Amino acid sequence: MAAMAIKHGELVTLEELNPSSPFFKQGASVRVTGKLQEYIVETAIAVAADGNATLKIDTQHLRDISFRIGSTYQFIGELLIQPDNEAILQARVGRIVDGIDLSLYHQSLQLLRQFQADHLNNSTS
Amino acid sequence: MDQRLQNTHAKLLAFDLLSLTQTPSFSTYEPITFTRKNTIISRTEILGVITSRELKPNKFLKFTIDDGTGCVTCVLWLNQLTSPYFSRRNPANVKLIADMAAHFALEIKIGVVTRVRGRIAGYRGAVQVTVSDVVVDRDPNAEAFHWLDCIRLARNCYNVVAGDAV
């Protein structure tokens with residue numbers, strides 16, 4: 001029962017995944033949520049979108065999940081940043097989240113980050 | 001040391017659970033005491049996505065829950081029919097417990113959002129949860145509600161019990 005070093009997927013929005021963002025790092029473990037805009041069966045590459053932001057997702061390691069254009073998905077995986085600075089998420093977990101309230105999700109995420117920051121400040125002070 | 005939360009399943013975010021203070025105790029039943037701001041916490045309720053699953057048939061199922069703030073290792077024991085720990089208990093009850101654990105094991109799949117209750121334990125210095133209850137949550141908003149619950153309870157209850165309201 002040796003402990004496995006599985007990193008958690010940092011909760012990020014697709015809009016935050018731009019080259020100037022602190023989340024935009026080679027190998028960073030992230031969790032993203034977006035609507036499926038495109039899916040290529042031959043390459044298993046999906047494109048998820050949230051507002052104007054999009055991200056390519058490599059889904060080749062996912063099992064027991066079907067891809068439907070227009071459905072909302074959540075993926076956890078590691079970022080692979082290519083030489084042209086385009087990021088692809090190497091997904092290791094994926095699920096359909098149709099019915100998710102994205103406004104509630106984004107607002108809750110801000111509160112969660114604030115709570116974590118407060119907790120960290122209190123434990124270090 | 002405040003003991004008011006000792007028998008409560010405290011709803012904790014993974015980063016909070018993983019940062020509990022561990023103190024060795026003299027009890028053989030609970031060899032480690034876990035505290036949060038000088039309050040003893042022995043049981044927890046967590047919710048997140050299953051991101052790993054390792055089955056040892058008839059022994060245990062070890063899995064990981066990722067709630068976006070951390071990964072918590074959980075252990076669901078499946079050895080009730082062979083373990084000496086259960087040998088003095090009513091066999092019919094033990095069979096029920098074993099059947100329930102086997103049912104939980106089937107529910108735990110990678111990518112599924114699951115609510116887990118259990119006892120907080122330590123293994124090789126790390127916090128893990130010995131599972132007593134598993135519920136698969138199919139509401140796509142369940143995680144957001146859980147984050148808000150954890151934040152509210154920490155601010156209005158757990159920190160207040162500790163006399164350190166934030």
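Asks: I would appreciate a short explanation of the overall build of chain B in the present structure.
Replies: A count of helical and extended segments in chain B gives three helices and nine strands. When its helices and strands are written in sequence order, chain B yields β-α-β-β-β-β-β-β-α-β-β-α. The globule rule puts the C-alpha radius of gyration for 166 residues at 15 Å, and the 16 Å found for chain B is close to it. Principal-axis analysis of the C-alpha atoms gives chain B an extent of 45 × 40 × 30 Å. Counting all 166 residues of chain B, 36% fall into the buried class. Within chain B, counting contacts between residues at least 6 apart in sequence, those at least 24 apart form 58% of the total.

Asks: Can you walk me through the overall build of chain A in this structure?
Replies: When helices and strands are tallied, chain A shows one helix and six strands. In sequence order, chain A lays out its α and β elements as β-β-β-β-β-β-α. Counting only C-alpha atoms and orienting by the principal axes, one finds that chain A spans roughly 55 × 35 × 35 Å. Within chain A, contacts between residues separated by at least 24 positions form 48% of all contacts whose residues are at least 6 apart in sequence.

Asks: In this structure, what is going on with the interface of chain B and chain A? I would like to understand it.
Replies: Facing 26 residues of chain B, the contacting portion of chain A comprises 28 residues. A total of four residues in the side of chain B that touches chain A trace back to one element, the largest contributor, which is helix α3 (residues 142–161) of chain B. Split into classes, the residues belonging to the side of chain B that touches chain A amount to 13 nonpolar, nine polar and four charged.

Asks: What's the story with the nonpolar core in this structure? I'm lost.
Replies: Side chains of a nonpolar character, in soluble globular proteins, are inclined to be buried together. Formed by 57 residues in total, the largest nonpolar core has its most connected members in Phe75 and Leu89 of chain A together with Leu17, Ile46, Val72 and Cys74 of chain B. Setting aside anything within four residues of it in sequence, one finds Leu17 of chain B in contact with Leu12, Thr44, Ile46, Val72 and Val127 of chain B.

Asks: Quick question: what am I supposed to make of the sheet that holds strand β3 (residues 32–36) of chain B here?
Replies: Backbone-to-backbone hydrogen bonds join strands into a sheet, with any given pair of strands oriented parallel or antiparallel. All names here are of chain B. If you walk across this open sheet you meet the three strands as β2-β3-β4, and the pairing is antiparallel. For this open sheet the edge positions go to β2 (21–24) and β4 (39–40), each flanked by a neighbour on one side alone. Sheet analysis places β2 next to β3, joined by four bridges and oriented antiparallel. Across the sheet, the residue bridging to Thr23 is Thr33, located in β3.

Asks: Mind showing me how you'd approach the confidence of the model for chain B here?
Replies: Residue and element names in this part refer to chain B. Per-residue pLDDT for chain B has a mean of 92; in total, 94% of the residues score no lower than 70. Model confidence for chain B, summarised as mean pLDDT per element, is weakest for β2 at 88 and strongest for strand β6 (residues 60–66) at 98. Both scores are given for the predicted complex: the pTM is 0.92, the ipTM 0.92.

Asks: Is there a simple way to explain the pairing of strand β9 (residues 126–136) of chain B in this structure?
Replies: On any regular strand, side chains alternate: one points to one face of the sheet, the next to the other face. Residues and elements named next belong to chain B. Pairing geometry for strand β7 (residues 71–77) and β9, over three bridges, is parallel. Bridging across to β9, Thr73 finds its partner in Gln128. Examined bridge by bridge, strand β8 (residues 113–123) and β9 share ten bridges and lie antiparallel to one another. Bridge assignment links Gly118 to a residue of β9, and that residue is Val131. From the end of β8 to the start of β9, which pair antiparallel, there are two residues, and Arg124 there has a positive phi angle of about 50 degrees.

Reading guide: rules and limits
Residues numbered from 1 in each chain as written. Chains lettered and ligands numbered in written order. Predicted model: local features only at pLDDT ≥ 70, side-chain atom pairs only at ≥ 80, totals over all residues. Helix = DSSP H or I, 4+ residues; strand = E, 2+ residues; numbered from the N terminus. Rg over C-alpha atoms; globule rule 2.2 N^0.38 Å. Buried ≥ 20, exposed ≤ 12 C-beta atoms within 10 Å, placed from the backbone. Contact = placed C-beta atoms within 7 Å. Nonpolar A, V, L, I, M, F, W, Y, C, P; charged D, E, K, R; others polar. Core = buried A, V, L, I, M, F, W, Y, C linked by C-beta atoms within 7 Å. Pairing = 2+ DSSP bridges. pLDDT = per-residue confidence, 0-100.

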